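Listed here are the chains, written in short residue letters.
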Amino acid sequence: MALASPGIVKQPTWKLYYELTKPRVVALIVFTAIVGTLLASPGWPPFAALVYGNIGIALAAASAAAINHVLDQKIDEQMSRTRGRPLPTGGLQTHQALLFAALLAAASMAILWWLVNPLTAVLTFASLIGYAVIYTVFLKRATSQNIVIGGAAGAAPPVLGWAAVTNSIDPNALLLFLIIFIWTPPHFWALAIARRDEYAKAGIPMLPVTHGIPYTRLQVLLYTVLLVLVTLMPYLTRMSGLIYLAAAIILNARFLYYAFALKMTERTELPMQVFRFSISYLMYLFAALLIDHYIITTQLQPLS
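Chemist: I'd like to hear about the overall build of the protein, residue by residue, with values.
Modeler: Assigned secondary structure in the protein consists of 15 helices and 0 strands. For the protein, the spread of C-alpha atoms along the three principal axes comes to 70 × 50 × 30 Å. Within the protein, the fraction of its 304 residues that count as buried is 50%. Carbon and sulfur atoms provide 69% of the accessible area of the protein, an area that totals close to 14300 Å². In the protein, 19 positive and 10 negative side-chain charges are present, and the distance between their average locations comes to 3 Å.

So this is what it looks like as structure tokens:
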């Protein structure tokens, strides 16, 4: 049984369970799912898709996060960034976290299957298993390309939100998937550079551990260049218009600046700056998609 670490202030039980859900990560996941839901409809999406669909997706993401806490408990104990989590500190026990995760997953599947549509439920469950089991149990510990392969689960939310409206897998939804899929490596590898020694101590074969920091810096730059090209595709395919294009150009210019700086210099603060900016980048990029979508939709509405 894990014992509470000295100096750790005891938190309310509800807050410990809340921390198990990785709320900031889930918030970004749900945001991209909501964007998928809204983009799937020329106007306002159906209530069930928008509300029940995204509640179900949020519960599944929270369940996957809780399972991740359980499976990574030993690793979390060795890393300063994570040793204050509820399981390493002894605030919650493993069986409590597993029961909590199971309840969240069951609630998610029930909501999505009966109140949205079975396709969204199946895709969401596959995404949950992909992150909580395939990535956490196997890929994370097996290969330096873990975040590349496992990134598919994290890129799924826009597809899930879109499927909640259309009950189908739309090519435009897959384009949103591709953007997040390509965004994930430079986003996470920047953090991995900053935490390289901790990952090495924990025995996790992240790219900076297996191939070195200079090689990882190069990969961050190359993936950022690829991301720039991919993020132009919504405009080129006429999924979005000039508002999105302008936002994408500005955001990509900033991301490229950070990636070049990371490659060409060894400033110790840069990896975390890149990591933090990458989060804002994705939020602003998807927000631009929404703004563009609704302004264009409004302009195209026939006068009554």
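After presenting the structure, the write-up continues.
Chemist: I'd like to hear about the pattern of salt bridges, residue by residue, with values.
Modeler: Any two side chains of opposite charge can pair, on the condition that their charged atoms come close. If you walk through the whole model with that rule in mind, you get 6 salt bridges. Of the charged contacts in the structure, one is a salt bridge between Arg141 and Asp72, with a shortest N-O distance of 2.9 Å. On the criterion of sequence distance, the pair formed by Arg141 in helix 6 (residues 118-142) and Asp72 in the loop between helix 3 (47-71) and helix 4 (73-78) is long-range, its members being 69 residues apart. Owing to a relative accessible area of 35%, Arg141 belongs among the partly exposed residues under this scheme. The buried category is assigned to Asp72, whose relative accessible area is 1%. Taken together, the shared-partner salt bridges connect Asp72, Lys140 and Arg141 into one network.

Chemist: Pulling in residues and values, what's your account of the nonpolar core?
Modeler: Formed by 55 residues in total, the largest nonpolar core has its most connected members in Trp183, Tyr281 and Phe286. Not counting chain neighbours up to four residues away, the residues in contact with Tyr281 comprise Trp183, Leu227, Thr231, Leu251, Asn252 and Phe255. Leu16, Ala64, Ala66 and Leu92 belong to the second largest nonpolar core, which has 14 residues in total.

Chemist: Give me the lowdown on the packing of helix 2 (residues 23-39) against helix 8 (residues 157-166), citing residues and values where you can.
Modeler: Relative placement of two packed helices is described by the angle separating their axes and the distance separating the axes. Two elements in contact, helix 2 and helix 8, have axes separated by 7 Å at closest approach and are oriented at 40°. Comparing their axes, helix 8 and helix 2 come out oblique. Between helix 2 and helix 8 the crossing geometry is right-handed. Every residue of helix 8 that contacts helix 2 at Ile29, Thr32, Ala33, Gly36, Thr37 and Leu39 is listed here: Pro157, Pro158, Gly161, Trp162 and Val165. Residues of the contact of helix 2 with helix 8, tallied by class, amount to 7 nonpolar, 4 polar and no charged.

Chemist: Report on unusual backbone geometry, specifying residues and quantitative values.
Modeler: A positive phi angle, close to 50°, is found at Lys22, a residue other than glycine. Examined against the element boundaries, Lys22 turns out to sit in the loop between helix 1 (13-20) and helix 2. Given a relative accessible area of 15%, Lys22 falls into the buried group.

Chemist: Any chance you could break down the environment of Pro186 for me, citing the residues and the numbers?
Modeler: Relative to the helices and strands, Pro186 resides in helix 9 (residues 171-194). Taking C-alpha positions, Pro186 is 21 Å from Val30, a pair spaced 156 residues apart along the chain.

Chemist: Quick one: what's the story with the side chain of Thr89, residue by residue and with numbers?
Modeler: Along the polypeptide, Thr89 turns up in the loop between helix 4 and helix 5 (94-116). Accessibility expressed as a relative area gives 6% for Thr89, which makes it buried. Within the structure, Thr89 has its side chain in polar contact with the backbone nitrogen of Gly91 (distance 3.4 Å).

Chemist: Give a detailed account of helix 9, specifying residues and quantitative values.
Modeler: Under the 1.5 Å per step criterion, the end-to-end length of helix 9 is 36 Å for 24 residues, consistent within 8% with the ideal 34 Å. The sharpest bend along helix 9 reaches about 30° and sits at Thr184, with the proline Pro185 one to four residues further on. Counting buried positions along helix 9 yields 17 of 24 residues, so the element is predominantly enclosed. For helix 9, the N-terminal cap is Asp170; the gap from its side-chain oxygen to the backbone nitrogen of Asn172 is 2.8 Å.

Chemist: Before we move on, could you go through the packing of aromatic side chains and cite the residues and values that matter?
Modeler: Tallying each qualifying case throughout the model produces 10 aromatic pairs. Pairing Phe47 with Tyr52 gives two aromatic rings, centres 5.5 Å apart and planes at 90°, and the pair type is edge-to-face. Here Tyr258 and Phe277 contribute two aromatic rings whose centre-to-centre distance is 5.2 Å and whose plane-to-plane angle is 40°, an arrangement assigned as tilted. Pair noted here: Tyr258 is in helix 14 (residues 242-264) and Phe277 is in helix 15 (residues 270-300), with a separation of 19 residues, a long-range link. Take Phe277: its relative accessible area is 14%, and that puts it in the buried class.

Chemist: Report on helix 2, specifying residues and quantitative values.
Modeler: Compared with the 24 Å implied by 1.5 Å per residue over 17 residues, the 24 Å span of helix 2 between its first and last C-alpha is a close match. Along helix 2, the residues classified as buried are Val26, Leu28, Val30, Thr32, Ala33, Val35, Gly36, Thr37, Leu38 and Leu39.

Chemist: Which residues make up the environment of Gln273, and what are the values?
Modeler: Mapped onto the elements of the fold, Gln273 is located in helix 15. Beyond its immediate stretch of four places on either side in the chain, Gln273 contacts Tyr258 and Arg267.

What counts, and at which threshold
Residues numbered from 1 in each chain as written. Predicted model: local features only at pLDDT ≥ 70, side-chain atom pairs only at ≥ 80, totals over all residues. Heavy atoms only, no water. Helix = DSSP H or I, 4+ residues; strand = E, 2+ residues; numbered from the N terminus. Buried < 20%, exposed > 50% of the residue type's maximum accessible area, 1.4 Å probe, protein only. Areas by Shrake-Rupley, 256 points an atom, 1.4 Å probe, with all protein chains shown as cover. Lys, Arg positive; Asp, Glu negative; His and termini not counted. Charge placed at Lys NZ, Arg CZ, Asp CG, Glu CD. Salt bridge = Lys/Arg side-chain N within 4 Å of Asp/Glu carboxyl O. Core = buried A, V, L, I, M, F, W, Y, C linked by side-chain atoms within 4.5 Å. Contact = heavy atoms within 4.5 Å. Axes fitted to C-alpha atoms, helices over the stretch in contact; angles between N-to-C directions. Parallel < 35°, antiparallel > 145°, perpendicular 65-115°, else oblique. Left-handed = near helix turned anticlockwise from the far one by under 90°. Nonpolar A, V, L, I, M, F, W, Y, C, P; charged D, E, K, R; others polar. Polar contact = N/O pair within 3.5 Å; in protein donor to acceptor, adjacent residues only side chain to side chain. Expected span 1.5 Å × (residues − 1). Bend = angle between axes of the 7 residues up to and from the residue. Phe/Tyr/Trp six-rings, centres within 6.5 Å; stacked < 30°, edge-to-face > 60°.

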